[in-house]
Amino acid sequence: MESRGVSPSYATYNHLLQACMDAKSLNHGLKLHEHLISKTSIRLPLQIKVKLVKLYCVCGEINKARQLFDEIPQPDCRCWAAMINAYSKYGYPNESLKLYSDMKFKNGIQPDKFILLAVAKACSMLSDLVKAKEIHEDAERFCPSSILVKNALIDLYGKCGCMHGASLIFNKLPEKDVISWTSMIVGLVQCGHWEDALQLFSKMVLAGVQPNSVTISSVLAACSSLLDLNLGRIIHGYVIRIGIEDNVLVSGALIDMYAKCLNVLHARRLFDISPQRDVVSWNVICAAYLQSGEVEKAIQLFQEMKSLEAITNVASWNVMISGCAQNGETVTATELFEQMVHEGVKPNHITIASFLPALSSIESRRGRELHSYCFRHCFIEDTIVATAVISMYANCGSLNIALKVFNEMLERDTISWNVVIRAYAMHGYGMEALAVFQKMQKMGVRPNAGTFAGVLSACSHAGLVEEGYRFFHSMSMYHGLVPDADHYASMVDILSRAGLLNDAYLFIQNMPVKATASSWGALLGACRVYKNINLGKIAARYLFQIEPDNPGNYILLANMYIALGMSEDALNMRKLMRNRGIEKTPGCSWVQVRGQIYTFVAGDKSHVQKGKIYAYLHELNDKMKLAGYLPDTRFALADVDFEEKEEVLGYHSEKLAVAYALLNTESASTICIFKNIRICGDCHNAMKFLSDITGVRITIRDSIRFHHFSNGFCSCQDFW
Ligand code: ZN
Ligand code: ZN
């Protein structure tokens, strides 16, 4: 056209721009725009500008679109709608709402159907109920009869969690289409009203409205949440009848339903025959295997998924890593994490937060690496990640680093405060924990049930009975919280540790909740310390009922008998264990030396350095005896095996671990040891002497708590 010297008309440009818009071709659009500017000395006509705004909106060039939009003196409704829509579509719903306000109040424009739809969408992304009500009013005024807008409002109220508002509109609808029903059902499911959603679904079917894939996937999600496999099956049958089982959304929801209801086999069968498997359904099956403890199958499937279709996403890795971690497969979880990073998949804060707790068992080296990884990639600014890092350090025994991370946090939520309170309490610093609690309240952070769990545990470690009662009562009186079984157990613990054993027993009897193993366990532990065998027997009897397979309870009671010289009863305890087929968990300790983890069991003779370790232990033993240490052989009798002698006692796993660490780390000021079962009385005593003789701080985390030994004392003040 141009080559013949004829300048194209604006109408032609208009057509061309429309073509670009249909094809979403930004490049051609930009060229046309340049062309127009170069050809036209005067300003572009309104019609063309509007077209360009829409084109830029469609192509996601929001800033360019807005620039042009602002140049238009009086944009029409379509233009406003396009601009409002574009903002929320590309992730700026706040801008959409702002523009909507400008439109109404600065420009005095009344919204039409399309503008209302666009702004409702933006508002639902923000779940802003106040704005939602404003939009609802506008809709009533300016667009009272559009079912499209009404459906959008139902959806909007649902997203804002206001099902009351949604049902007001829904019930008044003269005619309800599939979208109205579906919006209502989706809202109910999202708000956790699963039964109501299912009821409405049956009403919908009775009313003769055929559900679509969104309706079906929503009601299936309700079945999953209710773990109602039967109803799920009925809906499955219905899905087959109406012939939408191959829809990817529906088949994914079916697989999810079977998986969540723990029918992994059926889920897998559906998955195998499903014509379109998306990454979500792969993830669901992997998660289902992991949830039912079939780690190997999950890994197999995950490898298949990677090799077959290369559709793994971050969520797939997260499913695998957190699943393995929850199954105690720390090493596999770690390997997966490394593989993930190696393959160039960027972990997100969920990956990190689900992976860190797995490291809390022993691996402070890996934890530290991960911490620096978070730091390099700015994840540490994420509250969830930072909190997981704090918890990891606290659980690994590095309370100081945990506190440092906490102090450097930009934003702290209730959970992060809770973790620090708990960390202090777990390490035996009750007063410090309470100080943190006070600071938390001063900063206006609302405590939750978890906060009080930490606070009560702090009271018990610090021996603060009155304060414990006060905090316990304040939960319901001032904070609107109902104490649960754990809080009650903490109160039992507080009373027990303070030696108020009868009060503790009375408290258990008057509790409105059923006493758990933690309550009776706290009482039994205290009975051992305060040598109250009668109450100890009662507590043990309950414990044998609640957790008949836990060897710790039998051993604790046997220990008590022995300490009181009742060796016959102790032997009977041993017999009872044998008759019930309960085996003592072998004592096992870990220590980390130069980045390597070394494991020891009692009387371990397998270690390469065994000669050196045992010789060194003898040497230490002699020094300790000179300082006044007396081996308490009673614990050898009860704790290891009734027939074994002092020899074995001297070689309890934590003693071997300490000797190894002392031998192999020069100038280390702290040694940190992890133990799978409760430390015995003799080892506890020996550690106090060792810390005094060597001048090294020894930290032992047993199955109950942390013990920090230094200068001949333990942070638990001999109560554990
Ligand atoms: Zn021991
Ligand atoms: Zn201790």
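Every value quoted in this text rests on a predicted model; they were computed, and no experiment measured them.

A. Structural context of the overall build of the protein. Counting secondary structure elements, the protein contains 39 helices and 6 strands. Principal-axis analysis of the C-alpha atoms gives the protein an extent of 110 × 60 × 55 Å. Residue burial in the protein is summarised as follows: out of 720 residues, 51% are buried. In the protein, the proportion of contacts linking residues at least 24 apart, taken out of those at least 6 apart, comes to 61%. Element-wise, carbon and sulfur atoms account for 53% of the exposed surface of the protein, whose accessible area totals about 34500 Å². Charged side chains in the protein number 71 positive and 69 negative. The centres of these two groups are separated by 3 Å.

B. Representation of the coordination of the zinc ion (ligand 1) in the model. Every protein donor of the zinc ion (ligand 1) is listed here as His652 (ND1), Cys680 (SG) and Cys683 (SG), and their distances to the metal cover 1.8 to 2.3 Å. One chain supplies every donor for the zinc ion (ligand 1), spaced along it as H-x27-C-x2-C. One end of the pair, histidine 652, is in the loop between α37 (646-650) and α38 (653-664); the other, cysteine 680, is in the loop between β3 (670-675) and α39 (681-694), and 28 residues separate them in sequence. A single burial state applies to histidine 652 and to cysteine 680, both of which are buried.

C. The arrangement of the packing of aromatic side chains in detail. Summed over the entire model, instances satisfying the criterion amount to 18 aromatic pairs. Between phenylalanine 69 and tryptophan 80, the aromatic rings sit 4.9 Å apart at their centres with planes inclined by 85°, giving edge-to-face as the arrangement. Here phenylalanine 69 is found in helix α4 (residues 62-71), whereas its partner tryptophan 80 is found in helix α5 (residues 77-89), with 11 residues between them in sequence. Neither residue differs from the other here; phenylalanine 69 and tryptophan 80 are each classed as buried. Their ring planes at 85° and their centres at 5.5 Å tell us that phenylalanine 437 and phenylalanine 471 sit as a pair that is edge-to-face. With phenylalanine 437 in helix α26 (residues 430-442) and phenylalanine 471 in helix α28 (residues 465-478), the pair connects residues that are 34 residues apart, well separated along the chain. Assigned by exposure class, phenylalanine 437 and phenylalanine 471 land together as buried. Ring-pair connections join several aromatic residues into one group, and the members of that group are Phe437, Phe452 and Phe471. Positioned over the ring face of phenylalanine 114 is arginine 78, at 4.5 Å from the centre of the ring.

D. Representation of the coordination of the zinc ion (ligand 2). Within the protein, His684 (NE2), His707 (ND1), Cys714 (SG) and Cys716 (SG) serve as the donor atoms for the zinc ion (ligand 2), at 2.0 to 2.2 Å. Angles of 103 to 116° at the metal separate the 4 donor atoms of the zinc ion (ligand 2), which places the site in the tetrahedral class. Summarised as a motif, the one-chain spacing of the donors to the zinc ion (ligand 2) is H-x22-H-x6-C-x1-C. A residue pair is termed long-range when its members are at least 10 positions apart, and histidine 684 in helix α39 and cysteine 714 in strand β6 (residues 713-714) qualify at 30 residues. By relative accessible area, which is 8% here, cysteine 714 ends up buried.

E. Geometry of the side chain of serine 218. In this structure, serine 218 sits in helix α13 (residues 213-226). With residues up to four places along the chain from it excluded, the contact list for serine 218 reads Ile185, Val186 and Val189.

F. Focus on the pattern of salt bridges. Under the definition given, this model contains 17 salt bridges. Of the charged contacts, one joins glutamate 134 and lysine 104 as a salt bridge, the two residues approaching to 2.8 Å between their closest N and O atoms. Here glutamate 134 is found in helix α8 (residues 129-142), whereas its partner lysine 104 is found in helix α6 (residues 93-106), with 30 residues between them in sequence. By relative accessible area, lysine 104 is classed as buried at 14%. Here lysine 675 makes a salt bridge to glutamate 654, at a shortest N to O gap of 3.0 Å. In this pair, lysine 675 is assigned in strand β3 and glutamate 654 in helix α38, connecting sequence segments 21 residues apart. Overlapping salt bridges bring together Lys104, Lys131, Glu134 and Asp138 as one network.

G. Region of the structure containing the sheet that holds strand β5 (residues 706-710). Judged by pairing direction, the sheet is mixed, and its 6 strands sit side by side in the order β2-β1-β3-β4-β5-β6 without closing on themselves. On the outer flanks of this sheet lie β2 (596-601) and β6, each paired with one strand and no other.

H. Fine view of the pairing of β2. Of the strand pairs in this sheet, strand β1 (residues 588-593) and β2 are connected by 6 bridges, and their pairing is antiparallel. Note that in β2 the partner of glutamine 592 across the bridge is isoleucine 597. Between β1 and β2, which follow one another and run antiparallel, lie 2 residues, and arginine 594 among them has a positive phi close to 50°.

I. Fine view of the environment of leucine 116. Inspection of the secondary structure assignment puts leucine 116 in helix α7 (residues 113-126). Considering only alpha carbons, one finds leucine 116 and serine 391, 275 residues apart in sequence, at a separation of 46 Å. In contact with leucine 116, other than residues within four places in its own chain, are Tyr100, Pro111, Ile135, Asp138, Ala139, Cys143 and Val149.

J. Representation of the nonpolar core. Counting 198 residues, the largest nonpolar core has Leu52, Val53, Met83, Ile352, Leu523 and Leu557 as the members making the most contacts within it. Setting aside residues no more than four positions away along its own chain, leucine 523 makes contact with Val492, Ser496, Leu501, Ala504, Tyr505, Ile508, Leu535 and Ala539. Ranked by size, the runner-up nonpolar core spans 32 residues in total, among them Ala657, Ala659, Met687 and Leu690.

K. Summary view of the packing of helix α12 (residues 194-206) against α13. It is the contact of α12 with α13, at a shortest axis distance of 9 Å, that shows an interaxial angle of 140°. The angle between α12 and α13 falls in the class oblique. Like other packed secondary-structure pairs, α12 and α13 cross with a definite hand, here left-handed. Judged by residue contacts, Trp194, Glu195, Ala197, Leu198, Phe201 and Met204 of α12 engage Thr215, Ile216, Val219, Ala222, Cys223, Ser225 and Leu226 from α13. Residues that form the contact of α12 with α13 fall into these classes: 10 nonpolar, 2 polar and 1 charged.

L. Quick peek at the packing of helix α3 (residues 46-58) against α5. Relative to each other, α3 and α5 sit at 15°, their axes nearing to 9 Å. In terms of orientation, α3 and α5 fall into the roughly parallel class. Relative to α5, the crossing made by α3 is left-handed. Of α5, the residues touching α3 (which contributes Val50, Val53, Lys54, Cys57 and Val58) are Arg78, Cys79, Ala82, Met83, Ala86 and Lys89.

Reading the values: rules and limits
Residues numbered from 1 in each chain as written. Chains lettered and ligands numbered in written order. Predicted model: local features only at pLDDT ≥ 70, side-chain atom pairs only at ≥ 80, totals over all residues. Heavy atoms only, no water. Helix = DSSP H or I, 4+ residues; strand = E, 2+ residues; numbered from the N terminus. Buried < 20%, exposed > 50% of the residue type's maximum accessible area, 1.4 Å probe, protein only. Contact = heavy atoms within 4.5 Å. Areas by Shrake-Rupley, 256 points an atom, 1.4 Å probe, with all protein chains shown as cover. Lys, Arg positive; Asp, Glu negative; His and termini not counted. Charge placed at Lys NZ, Arg CZ, Asp CG, Glu CD. Donors = N, O, S within 2.8 Å, 3.2 Å for Na, K, Ca; no water. Phe/Tyr/Trp six-rings, centres within 6.5 Å; stacked < 30°, edge-to-face > 60°. Lys NZ or Arg CZ within 6 Å of the ring centre and 35° of its normal. Tetrahedral: all angles 85-135°; square planar, octahedral: opposite > 155°, others 65-115°. Salt bridge = Lys/Arg side-chain N within 4 Å of Asp/Glu carboxyl O. Pairing = 2+ DSSP bridges. Core = buried A, V, L, I, M, F, W, Y, C linked by side-chain atoms within 4.5 Å. Axes fitted to C-alpha atoms, helices over the stretch in contact; angles between N-to-C directions. Parallel < 35°, antiparallel > 145°, perpendicular 65-115°, else oblique. Left-handed = near helix turned anticlockwise from the far one by under 90°. Nonpolar A, V, L, I, M, F, W, Y, C, P; charged D, E, K, R; others polar.

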